[in-house]
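Inside the fold
Okay, here's what each chain looks like letter by letter:
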Amino acid sequence: MIAYVAILALQVYCIVDVIRRGRSSLWIMALIFLPIASAVAYFIVEILPGLQGNRHVRVARQKVIEKLDPERELRSAQQALDVADTMANRLRVADALTALGRHSEALPFYQRGAGPRPDFRTGEKLARSLFLNDKPEEALSMIDSLPKVTAQSERDRATLLRARILEELGRNEEALKAYGEVVERVPGDEARCRYAALLLKVGRKEDARRLLEDVEHRMKYLDRHTRMSEATMYDWAMRELTALRT
């Protein structure tokens, strides 16, 4: 009985706070149907703004926002674009659409936001969008026309994308060379898994096995969040490694 009263009081408090502060009505629906989980989420997202300097709180807050209101950033970006039709605001809308997996809608905003001579980062985003919209030739042309940059991490990110485009075009030897250039430098295991998949495709099973064994070893040191967020990729890697060993 006491627990029920406490939950009800918390639910009422949060709903009143939503109304009083003029926050999204989505909170009210969530608090009515999922009172405990939503109250915790509301506390993290709306009642702890003073802790935004804490990285863990920022990450938790963003994840809750994305789960409860995945189009929040898109709405905000579209509102900014309505106020000022600038290249930066077009790119913000494109980024928000891409994050939602709406690649065909994102591409025109990238094209309008990039201009005739985009900088490296904008050009890479446009190339990635072209690739995700099944336009690999155009994507490769954009990648190859990017201006030179000194930051190794940016060059590696573009090279990984270039490898994927070359693989899509059936230029496997060039793709293998590109994967090999960055496999040890790009953070995470995406490059290793994509490299291993292409090695398997061209019949180089021993080379693929060595890469996947490296992935297996690195998995021991992953935090739970990383492991879960990339579960599909790691599950594939372990299935393929098991098959190679047997």
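For the structure, see preceding data.
Going along each chain's sequence as written, the residues are numbered from 1 onward. Given that this is a predicted model, residues contribute local features only at a pLDDT of at least 70 and side-chain atom pairs are listed and counted only at 80 or more, while totals for whole chains, interfaces and linings are drawn from all residues. The basis for every side-chain value is the complete set of heavy atoms in the structure, and neither hydrogens nor water enter the calculation.

In this section: the environment of Thr242. Helix and strand assignments follow DSSP, with helices taken as H or I runs no shorter than four residues and strands as E runs no shorter than two, numbered in order from the N terminus. Tracing the backbone shows Thr242 in helix H15 (residues 231-245). Sequence spacing of Thr242 and Arg209 is 33 residues, and the spatial spacing of their C-alpha atoms is 9.4 Å.

With that settled, consider the packing of helix H10 (residues 152-168) against helix H12 (residues 190-201). Contact geometry for H10 and H12: axes closest at 11 Å, N-to-C directions at 25°. As the angle between them shows, H10 and H12 are arranged roughly parallel. Crossing geometry of H10 relative to H12 is assigned as left-handed. In this structure, H10 contributes Leu160, Arg164 and Glu167 to the contact, and H12 contributes Glu190, Ala191, Arg194 and Leu198. Just so you know the grouping, Ala, Val, Leu, Ile, Met, Phe, Trp, Tyr, Cys and Pro go in nonpolar, Asp, Glu, Lys and Arg go in charged, and all remaining residues, Gly too, go in polar. A breakdown of the residues in the contact of H10 with H12 according to their chemical character gives three nonpolar, no polar and four charged. Structural elements are reduced to axes, namely lines fitted to C-alpha atoms, with helices fitted over the stretch in contact, and the angle between N-to-C directions of any two is expressed from 0 to 180 degrees. Angles below 35 degrees are treated as roughly parallel, those above 145 as roughly antiparallel, those between 65 and 115 as roughly perpendicular, and all remaining angles as oblique. Here is the rule for handedness: rotate from the far helix to the near one, and if that takes an anticlockwise turn smaller than a right angle the crossing is left-handed, while a clockwise turn gives right-handed. The contact criterion used throughout is that any non-hydrogen atoms of two residues lie within 4.5 Å.

Glancing now at the nonpolar core. Among the nonpolar cores identified, the biggest contains 52 residues, and Val93, Leu126, Ile143, Ile165, Tyr179 and Tyr195 are the most heavily contacted of them. Top element by residues in this core is H12. It accounts for seven residues. Here, the term nonpolar core denotes a set of buried Ala, Val, Leu, Ile, Met, Phe, Trp, Tyr and Cys residues that are joined through side-chain atoms within 4.5 Å. Only protein chains enter the area calculation, which uses a 1.4 Å probe; residues under 20% of their type maximum are buried, those over 50% are exposed, and those in between are partly exposed. With nine residues, the next largest nonpolar core counts Cys14, Val18, Ala39 and Ala41 among its residues.

So, on to a nonpolar patch on the surface. Candidate patch residues must exceed 30% relative accessible area and have no salt bridge, after which like charges are joined if within 9 Å and Val, Leu, Ile, Met, Phe, Trp or Tyr side chains if within 5 Å. Only the protein chains shown count as cover for residues, and the accessible areas themselves come from Shrake-Rupley with a 1.4 Å probe. The working definition used for a salt bridge is a side-chain nitrogen of Lys or Arg within 4 Å of a carboxyl oxygen of Asp or Glu. Nonpolar side chains collect at one region of the surface, where Met29, Ile32, Phe33 and Leu34 lie side by side and expose about 440 Å² of accessible area between them. Within the secondary structure, Phe33 sits in helix H2 (residues 26-33). Under the relative-accessibility criterion, Phe33 is labelled exposed at 60%.

The next point concerns the pattern of salt bridges. Inspection of every chain in the model, using the stated rule, returns 24 salt bridges. Glu154 is paired through a salt bridge with Arg121; the nearest N and O atoms lie 2.7 Å apart. Here Glu154, found in helix H10, pairs with Arg121, found in helix H8 (residues 120-132); they are 33 residues apart in sequence, far enough to count as distant. Its salt-bridge partner being Arg210, residue Asp207 comes within 2.3 Å of it at the nearest N-O pair. Taken as a pair, Asp207 and Arg210 lie in helix H13 (residues 205-219) at a separation of three residues, close to a single helical turn.

Distances and angles like these do not, on their own, reveal function.
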